[in-house]
Amino acid sequence: MRTLSVELGERSYPIHIGSGLLADGGALREALGADRAAVITNDVVAPLYLDRLLATLDEGQATPIILPDGERHKTLGTVEGIYDQLMAGAFDRKSALIALGGGVVGDIAGFAAATWLRGVRHIQIPTTLLAQVDSSVGGKTGVNHPLGKNMIGAFHQPDCVIADMAVLKTLPRREVRAGLAEVIKYGLIDDAEFFDWLAGRAKGLLALEEGLLTEAVARCCRAKAGIVARDERESGVRALLNLGHTFAHAIEAATGYGAWLHGEAVAMGMVMAADLSRRLGWLEADQARRIRNVLETDFGMPVIPPADISTDRFLELMASDKKVERGRIRFVLLRGLGRAVIADSVDPAVLAQTLAARAELCH
């Protein structure tokens, strides 16, 4: 087991990474102590891992709350249903919530923990690669609004993150690819060497080779922990983690949450960001093409946004993104591989070219 730390003073917490951590239960018991817990999971993950988790705790210590699966259920209505069950079970301020699932479960459970009795402890046990390297770390919690993704939420750091490589073996191939999009994002942001490392090991990563996955997850978590420690509430450098996300959130909203996996939309968004960077003269054409080729050819990810999203619709949805400041859409763009920058003023004519490019992105 590898253990990293997110350094936030009194709110610092460990990230445990290894294989078999869920079945062993030692990290979870240490984080939970003798407190009661509600295990928030969904109807896909529960049959696979809920009994295994409950078996590591004292009898009656944890109560399951099972949600329906899918991004479309990431709503205030779902959180209200969690409150109902917490109320019925008399969960108090000494209780904790355990998120057992992917990013949707983690975001919902984290938001419920942030708001139940004005804030209780929570533990993240991410069961998807995407959640292990991104949403489980950093304390961003929230739910969607019909007009925008994650528009309602709170910063609420977990007490512990437990990333078990063994659970990734049950992921559908599509989910694996979606998670690897977020992994590749870290290389593009500020670690060109890591991007090269990933590109050279695509076959092994897609085959879920445990050693490669452990190394990739550890490098991503170490990078994110460092960024969160410097900028917990995204007032500066943490915004770089949104590479591709302004485009991606528009794609998800336009097509209906769940039509595309988040990582798939991020893959499209990163190619759009690379294309826009190239058109602005910030990224060399061969680097933009390489980004698309690695995502599309090496890892088999979708990179062309849906044809039925018009330029006007893209602009409308991006204008309602939570990263908009004083009416300006903020983009994370590239000035080279591993050199992401925040741009809050982009020529509308150049942006329109990227939005219209579709299959010609990065060509």
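These notes cover the structure that comes with them. (Residues numbered from 1 in each chain as written. Predicted model: local features only at pLDDT ≥ 70, side-chain atom pairs only at ≥ 80, totals over all residues. Heavy atoms only, no water.)

Some remarks on the state of the cysteines
Applying the stated criterion to the full structure yields zero disulfides. Counting only cysteine sulfurs, C221 is the nearest neighbor of C160, a cysteine outside any disulfide, at a range of 12 Å. Lacking any disulfide linkage, C220 is separated from the closest cysteine sulfur, that of C221, by 6.9 Å. (Disulfide = S-S within 2.5 Å.)

With respect to empty space enclosed by the protein
All chains considered together, the criterion is met by three cavities of 30 Å³ or more. The wall of the largest cavity is formed by L147, G148, K149, M151, H249, A250, A253, L317, S320 and D321. Looking at the lining of the largest cavity, the elements with two or more residues in it are β8 (148-155) and α11 (245-255). (1 Å grid on protein atoms, 1.4 Å probe; cavity = no way out; pocket = protein on both sides within 12 Å on 5 of 7 lines; lining within 4 Å. Points joined across faces, edges and corners; volume = space filled by probe spheres on them. Helix = DSSP H or I, 4+ residues; strand = E, 2+ residues; numbered from the N terminus.)

Some points on helix α7 (residues 173-190)
With 18 residues, α7 extends 27 Å from end C-alpha to end C-alpha; this agrees with the ideal 26 Å at 1.5 Å per step. Counting buried positions over the 18 residues of α7 gives 13, a clear majority of the element. (Expected span 1.5 Å × (residues − 1). Buried < 20%, exposed > 50% of the residue type's maximum accessible area, 1.4 Å probe, protein only.)

Concerning the environment of K149
Residue position: K149 is located in strand β8. For K149, a relative accessible area of 6% puts it in the buried group. Sequence-distant contacts of K149, defined by excluding residues within four places in its chain, comprise E71, K74, N144, H249, E252, Y257, H262 and K322. At 3.3 Å, the side chain of K149 and the side chain of E252 are in polar contact. (Contact = heavy atoms within 4.5 Å. Polar contact = N/O pair within 3.5 Å; in protein donor to acceptor, adjacent residues only side chain to side chain.)

A short note on the sheet that holds strand β4 (residues 62-67)
Ordered in space as β1-β2-β9-β6-β5-β3-β4, the seven strands form an open sheet in which the pairing is mixed. Unpaired on one side and paired on the other, β1 (2-6) and β4 mark the two borders of the sheet. Direction aside, neighbouring strands of the sheet carry axes that sit 20° apart on average. Inspection of the sheet shows strand β2 (residues 13-18) paired to strand β9 (residues 160-164) by four bridges, in the parallel sense. (Pairing = 2+ DSSP bridges. Axes fitted to C-alpha atoms, helices over the stretch in contact; angles between N-to-C directions.)

So, the pattern of salt bridges
Between side chains of opposite charge, a pair can form when the charged atoms approach closely. Within this structure, the stated rule accounts for 20 salt bridges. The partner of R11 in a salt bridge is E232, and the shortest N-O contact between them spans 2.7 Å. One end of the pair, R11, is in the loop between β1 and β2; the other, E232, is in the loop between α10 (210-230) and α11, and 221 residues separate them in sequence. The class of R11 is partly exposed, set by a relative accessible area of 44%. Here E232 falls in the buried class, since its relative accessible area comes to 15%. (Salt bridge = Lys/Arg side-chain N within 4 Å of Asp/Glu carboxyl O.)

A look at the environment of A96
In this structure, A96 sits in strand β5 (residues 96-101). In the structure, A96 is positioned 12 residues away from I108 in sequence and 14 Å away in space, judged by C-alpha atoms. The residues contacting A96, other than those within four sequence positions of it, are L32, R36, A37, A38 and R121.

A closer look at unusual backbone geometry
Positive phi is not limited to glycine here, since E234 has a value of about 60°. With a phi close to 55°, R358 is a non-glycine residue in the positive phi region. Looking at the secondary structure, you find R358 in the segment after α15 (348-357).

Brief notes about the pairing of β2
For β2, a buried count of five out of six residues is recorded, marking the element as mostly surrounded by other parts of the structure. Note: β1 against β2, five bridges, orientation antiparallel. Following the sheet pairing, S5 is matched in β2 by P14. Here β1 hands over to β2 after six residues, with G9 in that stretch at a positive phi of 65°.

Re the packing of α7 against helix α12 (residues 262-279)
The N-to-C vectors of α7 and α12 enclose an angle of 40°; their axes lie 7 Å apart at closest approach. By the angle between their axes, α7 is oblique relative to α12. For the pair α7 and α12, the sense of crossing is left-handed. Side by side, α7 and α12 meet where R174, A178, A181, E182, K185 and L188 of the first sit next to H262, G263, E264, V266, A267 and M270 of the second. A class-by-class count of the residues in the contact of α7 with α12 yields six nonpolar, two polar and four charged. (Parallel < 35°, antiparallel > 145°, perpendicular 65-115°, else oblique. Left-handed = near helix turned anticlockwise from the far one by under 90°. Nonpolar A, V, L, I, M, F, W, Y, C, P; charged D, E, K, R; others polar.)

Quick notes on the side chain of T354
Counting through the fold element by element, T354 comes out in helix α15. Judged by its relative accessible area of 1%, T354 is buried. Excluding residues that lie within four positions of it along the chain, T354 makes contacts with M272, D275, L276, R279 and L361.

Here we look at helix α13 (residues 285-298)
Relative to the 20 Å expected for 14 residues at 1.5 Å per residue, α13 spans 19 Å between its end C-alpha atoms, a close match to the ideal helical length. All buried positions along α13 are accounted for by A288, I291, R292, V294 and L295. Tucked inside the fold, the buried residues of α13 contact α7, α8 (192-199), α12 and β10 (331-334). Following α13 by one or two positions, G300 adopts a phi angle in the positive range, close to 65°.

Interpretation note: all reported values are geometric properties and have no functional meaning in isolation.
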